[in-house]
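Structure assessment
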Amino acid sequence: MHRFFVSPDAINGDTVFISGEDLVHMVQVLRFKAGDHLLVFDGTGPEHEVELVSVEKNRAVGRIIRTYKPDTEPETRVILFQGMPKSDKMEWIIQKTVELGVAQIVPVITRYSVVRNADGKQKRWNRISREACKQSGRVLIPEVQEPVEYCRALGMWRSISSDESSGLSLPVFCYENETEKCLKDLLKCYNINCVKTVGIFVGPEGGFSEEEIRLAKDYGIIPVGLGNRILRTETAAIAVMSVIMYEMGEFDL
Ligand code: SAH
């Protein structure tokens, strides 16, 4: 069944209103008509099976037949602190990490970030997040935040991890020049089943500066290496996200 996103205010009791681009797609491409069924989610958790009551030029009206909560959201909250990469890499990272189950993405401006602001792209990034949710069956839409300076990102992580509602938290700070501790060692130190919040830190193309590593350590964060090969920033983000999700049992059926 086709799945559509509507904003929460497009649902009123058991009535759903669909307009805009989705309506065009529904009518012109999918040839939907009254009586057809579709799935609707508004990004807040539930999903609805809807029967179309009327399809007009400017809007379609549907009636909710069934509401349920799909089991597509990970139990662990993973926050990706992504060093701002160049061009379209950020979009790719957003799409893939949302598919893998990220909860929140924070673009981070670091010493070696070439791109240093969202340049009006934040809206587009959030749209990509929404589309990835739609495609992957997720019901909570991860927010892609406004880019923040590196120090602020560390501060954010400190307040998230010290907040009791975050439960046990695990920072995975990927540092390309780390020679002592690898991701596997780090994961061995934690009872992974008790971890409720994970913060993944990945540098931009230029990597992290030594000063940034010192600062992370001041915040009690221990950097880890990901083996002997240097990965591109987008590869590192996806690889670590995959490992964490696997460890958390999110690849289980
Ligand atoms: N320009 C750097 C590489 C940066 S790679 C250099 O050539 O040394 C971009 C980011 O991906 C890094 O900052 C780190 O967060 C992550 N990364 C890539 N390869 C890694 C590895 N082998 N170990 C740990 N982190 C890695």
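Note that this is a predicted model, so its numbers are computed, not measured. (Residues numbered from 1 in each chain as written. Predicted model: local features only at pLDDT ≥ 70, side-chain atom pairs only at ≥ 80, totals over all residues. Heavy atoms only, no water.)

Notes on the sheet that holds strand β1 (residues 3-5)
Our working definition: Pairs of strands are assigned from DSSP output, requiring at least two bridges between the strands. Each helix is a run of DSSP H or I of at least 4 residues and each strand a run of E of at least 2, with the numbering of both proceeding from the N terminus. Between two residues, a contact is recorded if the distance between any of their heavy atoms is within 4.5 Å. For helices, the axis comes from a line fit to the C-alpha atoms of the stretch in contact; other axes are also lines fit to C-alpha atoms, and the angle between any two N-to-C directions lies between 0 and 180 degrees.
As summarised here, the arrangement of the six strands in space is β1-β4-β5-β6-β3-β2, forming an open sheet in which the pairing is mixed. The open sheet has two free edges, formed respectively by β1 and β2 (11-12), since each of these has just one partner strand. Along the sheet face, helix α1 (residues 20-29) touches β1, β3 (15-18), β4 (37-41), β5 (47-55) and β6 (60-68) and points at about 160 degrees away from the line of β1.

Looking at the domain arrangement of the chain
The condition is simple: What marks off one domain from the next here is an automatic or database domain assignment. Put simply, buried area is the surface a 1.4 Å probe can reach on two separate parts but cannot reach once they are joined, added for both. For this analysis, a salt bridge means a side-chain nitrogen from Lys or Arg found within 4 Å of a carboxyl oxygen belonging to Asp or Glu. Whenever a nitrogen or oxygen atom comes within 3.5 Å of another N or O atom, the pair is scored as a polar contact, on the condition that within protein one atom can donate a hydrogen and the other can accept it, and that pairs from neighbouring residues in sequence are kept only if both atoms are in side chains. Under the grouping applied here, Gly and all other residues not named as nonpolar or charged are polar, the nonpolar ones being Ala, Val, Leu, Ile, Met, Phe, Trp, Tyr, Cys and Pro and the charged ones Asp, Glu, Lys and Arg.
Under the domain assignment, the chain is made up of domain 1 (3-68) and domain 2 (77-247). For domain 1 versus domain 2, the distance between C-alpha centres works out to 34 Å. Each partner contributes to the interface: domain 1 provides 11 residues, whereas domain 2 provides nine residues. Carbon and sulfur atoms make up 55% of the surface buried where domain 1 meets domain 2, a total of about 770 Å² over both sides. For domain 1, the biggest contributors to the area lost against domain 2 are Arg3, Phe5 and Phe41; these three give 57% of the whole. Counting across the domain 1 and domain 2 interface gives two salt bridges. Across the pair Asp22 and Lys134 runs a salt bridge whose closest N-O atoms are separated by 3.7 Å. Inspection of the region where domain 1 meets domain 2 yields five residue pairs in polar contact (both at pLDDT 80 or more). Mapped by element, the contributors of at least two residues to the side of domain 1 that touches domain 2 are β1 and α1. The element best represented in the side of domain 1 that touches domain 2 is β1, accounting for three residues. By residue class, the composition of the side of domain 1 that touches domain 2 is four nonpolar, three polar and four charged.

Comments concerning helix α7 (residues 233-247)
Heads up, the rule is: Helix span is expected to be 1.5 Å times the residue number reduced by one.
Taking 1.5 Å of rise per residue, 15 residues should cover 21 Å, and α7 covers 21 Å from first to last C-alpha, within 8% of that figure. Where α7 is buried, its residues touch β7 (77-83), α2 (89-100), β11 (168-174), α5 (183-188) and β12 (195-202). Looking one or two residues beyond α7, the residue adopting positive phi is Gly249, at roughly 85 degrees.

Considerations on the packing of aromatic side chains
Using the following cut-off: Pairing of aromatic side chains requires ring centres within 6.5 Å, counting the rings of Phe and Tyr and the six-membered ring of Trp. Pairs whose planes differ by under 30 degrees are stacked, by over 60 edge-to-face, and all others tilted. To sort residues, take the accessible area from a 1.4 Å probe on protein chains only and compare it with the maximum for the residue type: under 20% means buried, over 50% means exposed, and anything in between is partly exposed. For a ring to carry a charge above it, either NZ of a lysine or CZ of an arginine must fall within 6 Å of the ring centroid while also lying within 35 degrees of the normal to the ring plane.
All chains considered together, the criterion is met by nine aromatic pairs. Taking the centre distance of 6.3 Å and the plane angle of 90 degrees together, the rings of Trp157 and Phe201 count as edge-to-face. Within this pair, whereas Trp157 is found in helix α4 (residues 150-162), its partner Phe201 is found in strand β12, the two being separated by 44 residues in sequence. The exposure class of Trp157 is buried, given its relative accessible area of 4%. Between the aromatic rings of Phe173 and Phe201, the centroid separation amounts to 5.4 Å while the plane-to-plane angle is 20 degrees, which identifies the pairing as stacked. Here Phe173, found in strand β11, pairs with Phe201, found in strand β12; they are 28 residues apart in sequence, far enough to count as distant. Summarising the burial analysis for this pair, Phe173 and Phe201 share the class buried. Ring pairing ties together the aromatic residues Phe81, Tyr150, Trp157, Phe173, Phe201 and Phe208, which thus form one cluster. When the ring centre of Phe41 is taken as origin, the NZ or CZ atom of Arg3, which lies over that ring, is 4.2 Å away.

Quick look at the site of the ligand
For clarity, the cut-off: Proximity is defined per residue: if any heavy atom of the residue lies within 4 Å of a molecule or strand, that residue is considered near it. Computed with a 1.4 Å probe, the accessible areas rest on the Shrake-Rupley method; for each residue, only the protein chains presented here act as cover.
Taken together, 19 residues form the shell around the ligand, and within it Cys174, Glu176, Leu226, Arg229 and Leu231 come nearest. Here Glu176 contributes a side-chain N or O atom positioned 2.7 Å from an oxygen atom of the ligand. Contact with the protein chains removes 85% of the 560 Å² of surface that the ligand exposes when unbound. Split into classes, the residues belonging to the shell around the ligand amount to 10 nonpolar, six polar and three charged.

Side note on the side chain of Glu212
As a reminder, the rule being used: Positive charge is attributed to Lys and Arg, negative charge to Asp and Glu, and no charge count is given to His or to the chain ends.
Along the chain, Glu212 falls in helix α6 (residues 210-218). This buried residue, Glu212, is left without a salt bridge; Arg111 holds the nearest opposite charge, at 6.9 Å. At 3.0 Å, the side chain of Glu212 forms a polar contact with the backbone nitrogen of Ser209. Look past the residues within four positions of Glu212 in its chain and what remains in contact with it is Thr110, Arg111 and Tyr150.

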